[in-house]
Amino acid sequence: MTEANIVRVYEDSETLYRAAAELTTAHLKAAIGERGRALVALSGGSLTSRLYPLLANPPLRDQIDWPTLSVLFADERYVPFDHPDNTCRATHQSLLDHVPVVAEQIFPVATYYRDPEQAAAIYQQQTAALLQAHNGHLDVALLGMGPDGHTASLFPRHPALLTATDELVIVVRDAPKPPPLRISLTPTALNTARLVVFVVSGADKAAAVAAALAERGDPLDHPTRAIHPPAGRVCWLLDRAGASAIDA
Ligand code: 6PG
């Protein structure tokens, strides 16, 4: 799997996030140019504070035909929309409120259901319908990775990973990163992507990066290794600190 990964290392986190925003923009532009629309899956965490503001502002903002975009979430923290931890809320604040998109283009996880299984079932249907409308592909999946190697809300050795199989969406309980209740796209969904971008910064993630890119490794221990789209590319964008343990 490792030979399919493209790895780029940047001097510092600022140049890393700039490059990630530029790559995302270029890929969305090309997708929209070819097919007239694009489907993107967004993650939370530092992407919301570091990457999305770059997309929301000139010059990149003006290069994307926003009304042709549909937005899914790679994962969501199962807290109400008005909770500070809600990824959709943070994505609105940093990106979606600043670009010409309308509510019909944005597909948040419905975290207002008391039963998260119900929200997951609805998200499964929406994701399946969107994929069908986009010839079976996400155009871009933007992902981060935690120091433990999790991506989206796919945590190492978590029981939810074992049951993921063909589902597109899973409920994740007892996640080690708070909040404990989450909903995530599965590797099956993420592997429809034409481009997966992992954006990873910081020395605390260096060991997990090295394990993710090593010759061998179990995807259950390193969930990013389960992301290898058969018809797409995987691009790891790292800063120097994040890359510091590769080949060590
Ligand atoms: C979330 C995520 C999660 C995140 C990584 C990296 O809960 O926010 O979707 O997978 O992308 O934990 O987060 P940082 O980039 O903030 O370290």
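Right above here is the structure, for reference.
If you're wondering where the values come from, they're calculated on a predicted model, not measured in any experiment.

Here's the deal with the overall build of the protein chain
Each helix and strand in the protein chain was counted, giving 7 helices and 9 strands. Taking 2.2 N^0.38 as the reference for a compact globule, 248 residues should give roughly 18 Å; the C-alpha atoms of the protein chain span a radius of gyration of 17 Å, in line with that estimate. Relative to its 248 residues, the protein chain shows a buried fraction of 55%. Counted over contacts in the protein chain with a minimum sequence separation of 6, partners at least 24 positions apart contribute 75%. For the protein chain, the exposed surface amounts to about 10,600 Å²; the carbon and sulfur share of it is 53%. Between the centroid of the 20 positive side chains of the protein chain and the centroid of its 27 negative side chains there is a distance of 2 Å.

Brief notes about the packing of aromatic side chains
Across all of its chains, the model carries 2 aromatic pairs by this definition. Taken together, a centroid distance of 5.1 Å and an interplanar angle of 35° make the contact between Tyr-112 and Tyr-113 tilted. In this structure Tyr-112 comes out as exposed when scored by relative accessible area, which is 66%. Between Phe-198 and Trp-236, the aromatic rings sit 4.2 Å apart at their centres with planes inclined by 25°, giving stacked as the arrangement. Of the two residues, Phe-198 sits in strand 8 (residues 195–200) while Trp-236 sits in strand 9 (residues 233–239), which places them 38 residues apart along the sequence.

Focus on the pattern of salt bridges
Using the criterion set out here, one finds 9 salt bridges in the structure. The salt bridge involving Arg-35 is made with Asp-139; its shortest N-O contact spans 2.8 Å. Here Asp-139 lies in the loop between helix 4 (116–133) and strand 5 (140–143) and Arg-35 lies in helix 1 (residues 13–35), a separation of 104 residues in the sequence. Here the salt bridges share partners, and the residues they tie into one network are Glu-34, Arg-35, Asp-139 and Arg-194.

Notes on the pairing of strand 3 (residues 69–73)
Of all 5 residues in strand 3, 5 are buried; the element is thus mostly enclosed. In strand 3, alternate side chains face the same way, and those of Leu-69, Val-71 and Phe-73 on one face and Ser-70 and Leu-72 on the other are all buried. Handedness of the crossover joining strand 2 (residues 38–42) and strand 3 through helix 2 (residues 46–56): right-handed.

Quick word on helix 2
Every buried residue of helix 2 is accounted for by Leu-47, Thr-48, Leu-51, Tyr-52, Leu-54, Leu-55 and Ala-56. On its buried face, helix 2 sits against helix 1, strand 2, helix 3 (87–94), strand 5 and strand 8.

Here we look at the packing of helix 2 against helix 3
Running from N to C, helix 2 and helix 3 cross one another at 40°; their axes reach a closest spacing of 8 Å. Regarding the angle of helix 2 to helix 3, the classification is oblique. The interaxial crossing formed by helix 2 with helix 3 has right-handed handedness. Contacts between helix 2 and helix 3 pair Thr-48, Tyr-52, Pro-53 and Ala-56 from the former with Ala-90, Thr-91 and Ser-94 from the latter. Looking at the contact of helix 2 with helix 3 residue by residue, the classes come out as 4 nonpolar, 3 polar and no charged.

Digging into the nonpolar core
Grouped together as the largest cluster of nonpolar side chains are 80 residues, with contacts concentrated most on Leu-51, Leu-95, Leu-138, Leu-190 and Trp-236. With 8 residues, helix 1 is the single largest residue contributor to this core. Those residues within four positions of Trp-236 in sequence are excluded, and the remaining contacts are Asn-5, Ile-6, Val-7, Arg-8, Met-145, Phe-198, Val-200, Ala-212, Leu-213 and Thr-224.

Some details on the pairing of strand 2
Along any regular strand the residues' side chains alternate between the sheet's two faces. Counting buried positions along strand 2 gives 5 out of 5 residues, so the element sits mostly inside the fold. Here strand 2 shows two buried faces, one formed by Ala-38, Val-40 and Leu-42 and the other by Leu-39 and Ala-41. As defined by bridge partners, strand 2 adjoins strand 3 across 5 bridges and the pair is classed as parallel. If you follow Leu-39 over to strand 3, its bridge partner there is Ser-70.

Remarks on the sheet that holds strand 8
Read from one edge to the other, the open sheet built from 6 strands follows the order 1-9-8-5-2-3, with strand pairing classed as parallel. Two strands lie at the open edges of the sheet, namely strand 1 (5–10) and strand 3, each paired on one side alone. Put simply, the sheet's adjacent strands are angled 20° from each other on average, direction ignored. Its contacts with the sheet put helix 2 on strand 2, strand 5 and strand 8, and the angle it makes with strand 5 is roughly 125°.

Section: the sheet that holds strand 4 (residues 75–77)
What the 3 strands build is an open sheet, ordered 4-7-6; its pairing is antiparallel. Edge strands, defined here as strands with exactly one partner in the open sheet, are strand 4 and strand 6 (169–172). Looking at each pair of strands side by side, their axes are set apart by 15° on average, direction ignored. When strand 4 meets strand 7 (residues 182–185), the two strands line up antiparallel, connected through 3 bridges. Across the sheet, Arg-77 pairs through a bridge with Arg-182, a residue of strand 7. Contacting strand 6 and strand 7, helix 4 crosses the sheet at an angle of about 160° to strand 6.

Analysis parameters
Residues numbered from 1 in each chain as written. Predicted model: local features only at pLDDT ≥ 70, side-chain atom pairs only at ≥ 80, totals over all residues. Heavy atoms only, no water. Helix = DSSP H or I, 4+ residues; strand = E, 2+ residues; numbered from the N terminus. Rg over C-alpha atoms; globule rule 2.2 N^0.38 Å. Buried < 20%, exposed > 50% of the residue type's maximum accessible area, 1.4 Å probe, protein only. Contact = heavy atoms within 4.5 Å. Areas by Shrake-Rupley, 256 points an atom, 1.4 Å probe, with all protein chains shown as cover. Lys, Arg positive; Asp, Glu negative; His and termini not counted. Charge placed at Lys NZ, Arg CZ, Asp CG, Glu CD. Phe/Tyr/Trp six-rings, centres within 6.5 Å; stacked < 30°, edge-to-face > 60°. Salt bridge = Lys/Arg side-chain N within 4 Å of Asp/Glu carboxyl O. Right-handed = clockwise from strand over helix to strand, strands pointing away. Axes fitted to C-alpha atoms, helices over the stretch in contact; angles between N-to-C directions. Parallel < 35°, antiparallel > 145°, perpendicular 65-115°, else oblique. Left-handed = near helix turned anticlockwise from the far one by under 90°. Nonpolar A, V, L, I, M, F, W, Y, C, P; charged D, E, K, R; others polar. Core = buried A, V, L, I, M, F, W, Y, C linked by side-chain atoms within 4.5 Å. Pairing = 2+ DSSP bridges.

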